[in-house]
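Here is what each chain is made of, one letter per residue.
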Amino acid sequence: MGKKVLVIDDEQSIVTLLQYNLSQAGYEVITALDGEEGLNLAIQEQPEMIVLDLMLPKMDGIEVCKLLRQQKIDIPILMLTAKDDEFDKVLGLELGADDYMTKPFSPREVVARVKAILRRANNNLSETASFNHQNHEQMNIGELTILSEQYEVYLNGELLEFTPKEFELLLYLTKNKGRVLTRDQLLNAVWNYDFVGDTRIVDVHISHLREKIEKNSKKPIYIKTIRGLGYKFEEPRV
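Before going into details, it helps to say that this report is about the structure given with it. Just so it is clear, the model here is predicted, and its values are computed rather than measured. (Residues numbered from 1 in each chain as written. Predicted model: local features only at pLDDT ≥ 70, side-chain atom pairs only at ≥ 80, totals over all residues. Heavy atoms only, no water.)

1. Notes on the sheet that holds strand β11 (residues 223–226)
We apply this condition: Whether two strands pair comes down to DSSP finding at least two bridges between them. Numbering of helices and strands runs from the N terminus; a helix is a DSSP stretch of H or I covering at least four residues, while a strand is a stretch of E covering at least two. To get an axis, fit a line to the C-alpha atoms, keeping to the stretch in contact for a helix; angles then go from 0 to 180 degrees between the N-to-C directions. Throughout, a contact is declared for two residues whenever any of their heavy atoms are within 4.5 Å.
With antiparallel pairing, three strands are arranged side by side in an open sheet as β10-β12-β11. Across the chains shown, the open sheet's two edge strands, defined by having one partner strand only, are β10 (180–182) and β11. Strand-to-strand twist across the sheet, computed as the mean angle between neighbouring axes with direction ignored, equals 35°. Here β10 pairs with strand β12 (residues 230–233) via three bridges, running antiparallel. Bridge assignment links V180 to a residue of β12, and that residue is K232. The sheet contacts of helix α6 (residues 164–175) involve β10, β11 and β12, and relative to β12 the element is tilted by about 70°. Contacts from helix α7 (residues 183–191) reach β10 and β12, with the element oriented near 75° to β10.

As structure tokens, then:
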């Protein structure tokens, strides 16, 4: 069998449709019709990927995503929403979802997104393994200490709380220290999807990173804004 995908949606017709198309693409598919059952299956079955509806009985998709990330379960999540609501999309992505799609959607597009997210997840694992192999498991930049393998960041020895996407964004910025990175580059590298040119999710995450690692988020010393281009991570001057 192929990689295991968990589909959580309360509409049986959508579950059946996705189960058929994902199975045809070579994936092993397990399903749940409410958030509570979906959360339990995610923990028990440890699938490689979750397709998660936002509006669910018993426990909504945002709560499922939040609880999984709190338990350090970093399974890639594609969030489905029937609402074209920017708040829900941004909140879902902030809590650790990897991508979102608005209903109605093409089953083929869902399969394509699942493939892209899994491919990106595999690439991340390979890059992290290579990065660690080169004795860069620990990076010290200014007052920051980054442990790439443990997904931990310390500021002056104090452990900071990061969502998986915040950590991936910080790691990518630090790996490219001194380089100007456009918002589109960051979207492609961290989310592997351009959100139809919507780069606001990058700005939201940059803002959150600054609040956590900068002494003064209005006058950042690590993450600099390069007007008209994007962002650059710098080692602070002594």
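Right, picking up where we left off after that structure.
2. Notes on the packing of α6 against helix α8 (residues 200–213)
Applied cut-off: Oblique is the label for any angle not covered by the other classes, which are roughly parallel (under 35 degrees), roughly antiparallel (over 145) and roughly perpendicular (65 to 115). Residues are grouped as follows: nonpolar covers Ala, Val, Leu, Ile, Met, Phe, Trp, Tyr, Cys and Pro; charged covers Asp, Glu, Lys and Arg; every other residue, Gly included, is treated as polar.
Orientation of α6 relative to α8, taken along the N-to-C sense of each, is 85°, at an axis distance of 10 Å. What the angle tells us is that α6 and α8 run roughly perpendicular. Touching K165, E166, L169, L170 and L173 of α6 are H205, I206, H208, L209, K212 and I213, all from α8. By residue class, the composition of the contact of α6 with α8 is six nonpolar, two polar and three charged.

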